[in-house]
Amino acid sequence: MKRSILFIGLLCLLFGKIMAQRSPKTEADIAWGALFDTSETEQQQPGSFTWFKSIYTRINRDWNLGLNFWKQFPEDRRRIFWFTSCTEDPLFYKDLDGGLKAKLDGEYGYYNAEIDWEKLNAYDKERVKIRSLILNDPDIPGEKKNMLRTQEIGLIYERGHNKAFRNDKGLYLAKVQDAFETAIIGLKKNEKITRLNDGFRFIPEIFTNSTIYGYNADEYLVFLNRYKDTPNLQVRGWITKQLAVLKLRKVPFELKHKDVEGKEVDLTELRGKVVLVDFWTTSCSTCIARMPVIKQIYDRYKNQGFVVISAAYHPEEDREKVLVIHEKIGADWPVMLLGGDAKSGYINPNSLGKKIFNAYGFIGVPQLLLLGKDGKLIMYNDLLLTGDFEPLVKKLLSE
């Protein structure tokens with residue numbers, strides 16, 4: 001009995017000390033807690049319009065709350081976490097419901113919605129000011145800065161999905177340049193950007209989608225040359241690989257490999273034909289969804305000199321898995337297995353697939369190259385991914 005009383009007494013004493021050491025919530029704690037109130041979103045049916053609206057309403061609300069926290073508590077380091085966690089812009093539509101509906105219904109994520117430019121410009125002004133402070137603060141870890149560097153590119157890319165942002169090509173290009181410069185400014189020669197490809201992949205997507213963004217290969221070349229002498233070796237390496245793809249417009253693309261039937265396919269022997277090289281994997285739904293479109297064009301022009309080559313990023317053991325998809329599509333063009341697979345991240349350093357990815361800086365699949373009769377690059381992704389490229393094939397075959 002005495003032992004029990006003693007034990008309870010010790011627990012009470014320990015609990016009392018813990019409670020005495022706990023400080024009451026500060027004003028900053030209360031303000032910080034308000035940033036993570038998700039009760040309104042949790043009450044909505046996931047996937048419904050009201051659910052999406054509650055999410056973006058919260059994003060707008062959290063930006064205002066976070067900005068107030070940033071200004072009100074300059075010594076609280078949690079504000080750095082808040083800003084680097086802002087992975088989406090608030091929505092500055094003049095009509096929130098109409099703009100959000102356009103965003104949700106837009107084909108391939110591209111849509112049109114009227115913007116409240118005054119509010120957006122005020123937001124941009126604050127964002128530029130804060131990110132500058134973070135990137136120039138010597139006490140903030142490089143990992144946090146790197147997160148912000150690549151995040152800026154993603155934000156501008158997402159913004160460009162709305163036609164209102166990209167109506168003025170010059171203005172949008174300036175925004176892209178600003179985001180890219182934010183990513184590379186102040187980087188030392190050997191400093192590494194964590195997950196660089198995840199952020200930088202948006203740049204080629206912008207410049208190789210002419211029907212949406214309106215840029216072409218020459219403009220991309222100007223953009224890359226603008227930054228090719230940046231001191232950071234990692235960034236320079238990425239730019240070099242992007243330039244390697246564009247150089248294929250002047251130097252024929254070389255590819256020589258056996259197909260699944262053991263026959264050697266050599267692009268040099270296909271000079272005089274128009275060739276589409278399709279890099280893909282069985283786990284890529286976008287790749288597979290595009291194949292029927294490719295087949296329609298192939299069937300119309302294969303007797304006129306149009307050739308398709310399927311370059312699958314898979315090892316030999318995936319042979320049947322690859323061929324099953326080809327059979328479902330009804331594709332009868334050559335199939336190459338380049339080694340590696342989507343799950344392994346193409347890590348086999350000796351595979352042809354890995355070498356091609358390294359040489360041209362490919363990030364993910366699909367990657368589509370359309371080659372003219374001289375073997376030189378005519379189009380990289382662009383209409384090959386999302387548009388009607390039949391007129392281009394027809395034109396090339398007639399030349």
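As shown above, the structure is provided for reference.
Report on the accompanying structure. Everything quoted here is computed from the prediction, not taken from an experiment.

**What to know about the environment of Lys103**
- With respect to the element layout, Lys103 can be found in helix α6 (residues 96-105).
- In contact with Lys103, other than residues within four places in its own chain, are Tyr56, Tyr93 and Tyr111.

**Regarding the pairing of strand β4 (residues 306-312)**
- In terms of burial, β4 is a largely internal element, seven of the seven residues being buried.
- A two-sided burial pattern is seen for β4, the buried positions comprising Phe306, Val308, Ser310 and Ala312 on one face and Val307, Ile309 and Ala311 on the other.
- Here strand β3 (residues 274-280) runs beside β4; their pairing, made up of seven bridges, is parallel. Residue Phe279 lies in a different strand from β4, and its bridge partner there is Ala311.
- Note on the crossover from β3 through helix α16 (residues 285-301) to β4: the handedness is right-handed.

**Details of the side chain of Glu126**
- Structurally, the position occupied by Glu126 is in helix α7 (residues 117-135).
- Contact partners of Glu126, with chain neighbours within four places excluded, come to Trp63, Leu67 and Lys71.

**Some details on the side chain of Gln367**
- Along the chain, Gln367 falls in strand β6 (residues 367-371).
- Since its relative accessible area comes to 4%, Gln367 is described here as buried.
- Looking at Gln367, its side chain comes within polar contact range of the main-chain oxygen of Ile363, at 3.4 Å.
- Polar side-chain contacts of Gln367 include one of 2.7 Å to the side chain of Tyr380.
- If we ignore the near neighbours within four places in the chain, the residues touching Gln367 are Val277, Asp278, Phe279, Phe362, Tyr380 and Asn381.

**Some points on α6**
- Of all the residues in α6, the buried ones are Gly99, Leu100, Ala102 and Lys103. Around the axis of α6, the buried residues are gathered within 155° of arc, so they sit on the same side.
- Its side-chain oxygen placed 3.4 Å from the backbone nitrogen of Asp97, Asp95 serves as the N-cap of α6.

**A look at α7**
- Between its first and last C-alpha, α7 extends 26 Å over 19 residues, near the 27 Å set by a 1.5 Å rise per residue.
- Leu120, Tyr123, Asp124, Glu126, Arg127, Ile130, Arg131, Ile134 and Leu135 are the residues of α7 that are buried.
- In this structure, the buried residues of α7 make contact with α4 (49-72), α5 (78-84), α8 (142-159), α9 (163-166) and α10 (169-184).

**Quick notes on the pattern of salt bridges**
- A full pass over the atoms with the stated rule returns 31 salt bridges.
- A salt bridge links Arg58 to Asp62, with the shortest nitrogen-to-oxygen separation between them at 3.5 Å. You can see Arg58 and its partner Asp62 sitting in helix α4, four residues apart, about one turn around the helix.
- Arg127 serves as the salt-bridge partner of Glu152, at 2.8 Å between the closest nitrogen and oxygen. Note that Glu152 is positioned in helix α8 and Arg127 in helix α7, a separation of 25 residues in sequence.
- Overall, the relative accessible area of 4% leaves Glu152 in the buried class.
- If you follow the salt bridges from partner to partner, you end up with Asp89, Asp124, Arg159 and Lys175 in one network.

So, how was this worked out
- Residues numbered from 1 in each chain as written.
- Predicted model: local features only at pLDDT ≥ 70, side-chain atom pairs only at ≥ 80, totals over all residues.
- Heavy atoms only, no water.
- Helix = DSSP H or I, 4+ residues; strand = E, 2+ residues; numbered from the N terminus.
- Contact = heavy atoms within 4.5 Å.
- Buried < 20%, exposed > 50% of the residue type's maximum accessible area, 1.4 Å probe, protein only.
- Pairing = 2+ DSSP bridges.
- Right-handed = clockwise from strand over helix to strand, strands pointing away.
- Polar contact = N/O pair within 3.5 Å; in protein donor to acceptor, adjacent residues only side chain to side chain.
- Arc of directions from axis to C-beta.
- Expected span 1.5 Å × (residues − 1).
- Salt bridge = Lys/Arg side-chain N within 4 Å of Asp/Glu carboxyl O.

Function-wise, these values are silent; they only describe arrangement.
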